[in-house]
Amino acid sequence: MRLLTHNMLSSNIKGVTNGFPLRIEVEKVVEKQVDFNADFLKNMFLKLEWMALVGASQTMGYDELPQEAEPSMLDSDHFLKRLHHALLELHLEEGALICPETGLRFLVNKGIPNMLLHEDERLKKRSCDLVGYPIAKGSFT
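None of the values given here were measured: they were computed from a predicted structure. Each chain carries its own residue numbering, running from 1 in the direction its sequence is written. Reporting of local features is limited, given that this is a predicted model, to residues whose pLDDT is at least 70; pairs of side-chain atoms are given and counted only at 80 or more, and all residues count toward the totals for whole chains, interfaces and linings. Excluded from the side-chain calculation are hydrogens and water; included are all heavy atoms of the structure.

1. As for the side chain of S11
Looking at the secondary structure, you find S11 in the loop between α1 (3-8) and β1 (23-31). For S11, a relative accessible area of 10% corresponds to the buried category. Aside from chain neighbours lying at most four places away, what touches S11 is V16, G19, L22, C99 and F106. Secondary structure elements are defined from DSSP: runs of H or I of at least 4 residues count as helices, runs of E of at least 2 residues count as strands, and each element is numbered from the N terminus. Exposed residues in this analysis have more than 50% of their type's maximum accessible area, buried residues have under 20%, and partly exposed residues fall in between, with area computed by a 1.4 Å probe over protein chains only. We call two residues contacting when some pair of their heavy atoms lies within 4.5 Å.

Pasting the structure below:
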C-alpha cells in the first residue's frame, strides 16, 4: 500500500468521528521504483494531509520530508523527488492500519489493506455501543 493510499483512507466504522489518520503498524516495507511525474505531484499536493504523510513516512523509516510544506516548495526538484519517493515508492507490504478512535486493526497483506469488518467485530462494536462502554484500544485483531 502506497502512502498516497494511506493519506486518503479513514476508518469506516459506523459512529467513528475521529478515523483519520490511521496509525501504521509496520511488519514489512518495500520500495518500488515508479516513474517520476512532477505534474502529478503538483496536482496532488493540495489534496494531501501533510502532517499525516510526514508521520506515516517516518513510521515507515523515511525521514526526508520537511515537517511543514507550502506550495512554493513545488518549484524545487529536490522537494518533489522526496515527495515522490514517500508518496509513491514506499509500500507497506505487511502490517496493519489502526483506527485512532477505536484501536481496531485493519490488516495489510501483500500490500492490500482489508478495511472490511468481520461479523464478530461488528457485533462487539454494537454491543459496546448499546451498553455505553468504550471499546478498549487494541481489542480487535
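Picking up where we left off.
2. With respect to the packing of helix α2 (residues 38-45) against helix α4 (residues 77-89)
Each packed pair of helices is defined by two parameters, the angle between the axes and the distance between the axes. Running from amino to carboxyl end, α2 crosses α4 at an angle of 80 degrees, the nearest separation of the two axes being 10 Å. Comparing the axis directions of α2 and α4 gives the class roughly perpendicular. Contact with α2, carried on its side by A38, F40, L41, K42 and F45, involves F79, L80, L83, H84, L87 and L88 of α4 and no other residues of that element. In this description, a line fitted to the C-alpha atoms serves as the axis of each element, helices being fitted only across the stretch in contact, and the angle between N-to-C directions of two axes falls anywhere from 0 to 180 degrees. Oblique is the label for every angle not falling under 35 degrees (roughly parallel), over 145 degrees (roughly antiparallel), or within 65 to 115 degrees (roughly perpendicular).

3. Regarding α4
Buried within α4 we find F79, L80, L83, H84, H85, A86, L87, L88 and E89. Put simply, S76 is the residue that caps the front of α4, since its side-chain oxygen is 3.3 Å from the backbone nitrogen of H78. The definition of a polar contact used here is a pair of N or O atoms within 3.5 Å, where within protein one atom must be able to donate a hydrogen and the other to accept one, and adjacent residues in sequence count solely through side-chain atom pairs.

4. With respect to the packing of aromatic side chains
Aromatic rings from Phe, Tyr and Trp, with only the six-membered ring used for Trp, were paired whenever their centres fell within 6.5 Å, and each pair was classed as stacked if the ring planes differed by under 30 degrees, edge-to-face if by over 60, and tilted otherwise. Going through the model one piece at a time under the given rule, you end up with three aromatic pairs. Ring centres of F45 and F79 lie 6.2 Å apart, and the angle between their planes is 80 degrees; on these two criteria the pair is classed as edge-to-face. Residue F45 is found in helix α2, and its partner F79 is found in helix α4; the two are separated by 34 residues along the sequence. Exposure remark for F45: the relative accessible area of 7% places this residue in the buried category. Residue classification places F79 among the buried residues on the basis of a relative accessible area of 5%.

5. Focus: the pattern of salt bridges
Criterion for a salt bridge: a side-chain nitrogen of Lys or Arg within 4 Å of a carboxyl oxygen of Asp or Glu. Applying the stated criterion across every chain yields a total of three salt bridges. Taking the shortest distance from any N to any O, the salt bridge between E64 and R82 comes out at 3.4 Å. Note that E64 is positioned in the loop between α3 (50-59) and α4 and R82 in helix α4, a separation of 18 residues in sequence. Residue classification places R82 among the partly exposed positions, given a relative accessible area of 27%.

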